[in-house]
Amino acid sequence: MKTASSAWTLLFLAAAAAEAQEPPKKEALEATVVSIKGTVDVKRPEDKDWVPAEKDMKLKQGSSICTSVASSATLMLTGNLKVTVKSLTEAKVEDLAKGDGAVNADVNLKFGSIEVDIQKGDLRTDMKVRSPNSTTSVSGSTGIVRSFASDKGSALLSLKTFSGTWTFTPNSLGMEIPIEGA
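Residues numbered from 1 in each chain as written. Predicted model: local features only at pLDDT ≥ 70, side-chain atom pairs only at ≥ 80, totals over all residues. Heavy atoms only, no water.

J.: Please clarify how the overall build of the protein chain should be interpreted in this entry.
T.: Across its full length, the protein chain holds one helix and 14 strands. A buried classification covers 38% of the 182 residues belonging to the protein chain. Counting only contacts in the protein chain whose residues sit at least 6 apart along the sequence, the fraction spanning at least 24 positions is 42%. As presented, the protein chain carries roughly 10,600 Å² of accessible surface, and 54% of it is formed by carbon and sulfur atoms. (Helix = DSSP H or I, 4+ residues; strand = E, 2+ residues; numbered from the N terminus. Buried < 20%, exposed > 50% of the residue type's maximum accessible area, 1.4 Å probe, protein only. Contact = heavy atoms within 4.5 Å. Areas by Shrake-Rupley, 256 points an atom, 1.4 Å probe, with all protein chains shown as cover.)

Below, the structure is given as C-alpha cells:
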C-alpha cells in the first residue's frame, strides 16, 4: 500500500514538473505590406492561388511573396523589423511570433534578394534567413541577402552587411561564420 502511494506521489510530481517545463506559448504575428512597386504577388496559407499584393495586406506565417522584373515590396514584420523583397525574388515567411521576451522571424529565401533592417527595439529580435544551402542569423543588423538559383536544387549565397553582426551557417559545413558590418 505504501509503495502504491509512493508511486502515485512520484507520478504526480513528474507530471507537475513536465507541466512546469512546457515552453512558453508564442503569440503569432503578421507581416504588413507597407509598399509595393511593380508586380508583386502573394500566396497566403488560405489562398489557393497567387494573388496580387496590396498595400496594408497582412501576411501570416506560411505566406509567400514573389516579385517580378523591376518590382519590389517592403514588409514590416514588427515595429522594428523591415524586409524589402527585391526584384525577381521568391520568399516565404516560415515563422513570425512573439514570446519569452523576443520576436522570432524566419524567412525562407527560395531565390532572389532581400534587404533586412532591424532597428533596436523593446524586444530582442531573432531573425533567420534561410536559402537552399545556408542559414543566416541577423540580430540588430542591416544588410542584404541574395540567393542565386541553380539547376541542381542548391544555390549560391551572397551577404552584404552595413551594420551589426551576422552569423552565416553553410549547411554543408555545419559551422557558424561571423560576418561584421561597417
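J.: What should I look at first to understand the nonpolar core in this one?
T.: One broad rule of soluble globular proteins: the nonpolar side chains tend to lie buried together. Of all hydrophobic cores here, the largest spans 29 residues; its most connected members are Ile65, Leu77, Ile114 and Met127. It is strand β10 (residues 102–118) that provides the largest number of residues to this core, a total of seven residues. (Core = buried A, V, L, I, M, F, W, Y, C linked by side-chain atoms within 4.5 Å.)

J.: Help me out: how do you make sense of the environment of Gly99 in this one?
T.: With respect to the secondary-structure elements, Gly99 resides in strand β9 (residues 90–99). For the pair Gly99 and Lys25, spaced 74 residues apart in sequence, the C-alpha to C-alpha distance is 6.6 Å. Not counting chain neighbours up to four residues away, the residues in contact with Gly99 comprise Lys25 and Lys26.

J.: Is there a simple way to explain unusual backbone geometry in this structure?
T.: The general pattern is negative phi for most residues beyond glycine and trans for most peptide bonds. Even without being glycine, Asp56 reaches a positive phi, approximately 70°. By the secondary structure assignment, Asp56 is in the loop between β4 (51–52) and β5 (58–59).

J.: Whenever I open this one, the pairing of strand β6 (residues 64–67) confuses me. Can you help?
T.: Moving residue by residue along a regular strand, the side chains alternate between the two faces of the sheet. Sheet topology note: the strand β3 (residues 40–43)/β6 ladder contains four bridges and is antiparallel. In the strand pairing of β6, Val42 is matched with Ile65. (Pairing = 2+ DSSP bridges.)

J.: What is the right way to read the side chain of Thr67 from this model?
T.: Counting through the fold element by element, Thr67 comes out in strand β6. Side-chain polar atoms of Thr67 contact the backbone oxygen of Lys86, separated by 2.5 Å. If we ignore the near neighbours within four places in the chain, the residues touching Thr67 are Thr39, Val40, Ser72, Ala73, Val85, Lys86, Ser87, Leu88 and Thr89. (Polar contact = N/O pair within 3.5 Å; in protein donor to acceptor, adjacent residues only side chain to side chain.)

J.: I keep staring at the pairing of β3 and nothing clicks. Help me out?
T.: A one-sided burial pattern is seen for β3, the buried positions being Val40 and Val42 and the unburied ones Asp41 and Lys43. Pairing of β3 with β4 involves two bridges; the strand directions are antiparallel. Bridged to Val42 within β4 is Val51.

J.: Honestly, the pattern of salt bridges in this entry has me stumped. Any pointers?
T.: Side-chain pairing between opposite charges can occur once the charged atoms of the two side chains come close. Evaluation of the coordinates by the stated rule reveals seven salt bridges. Put simply, Arg44 and Asp47 hold a salt bridge, and the shortest N to O gap is 2.9 Å. Accessibility classification places Arg44 together with Asp47 in one group, the buried group. For the salt bridge of Glu115 with Lys86, the shortest nitrogen-to-oxygen distance reads 3.3 Å. In this pair, Glu115 sits in strand β10 while Lys86 sits in the loop between β8 (81–85) and β9, placing the two residues 29 residues apart along the sequence. Glu115 gets classed as partly exposed once you look at its relative accessible area, which sits at 26%. One network of salt bridges, in which partners are shared, links Arg44, Glu46, Asp47 and Lys60. (Salt bridge = Lys/Arg side-chain N within 4 Å of Asp/Glu carboxyl O.)

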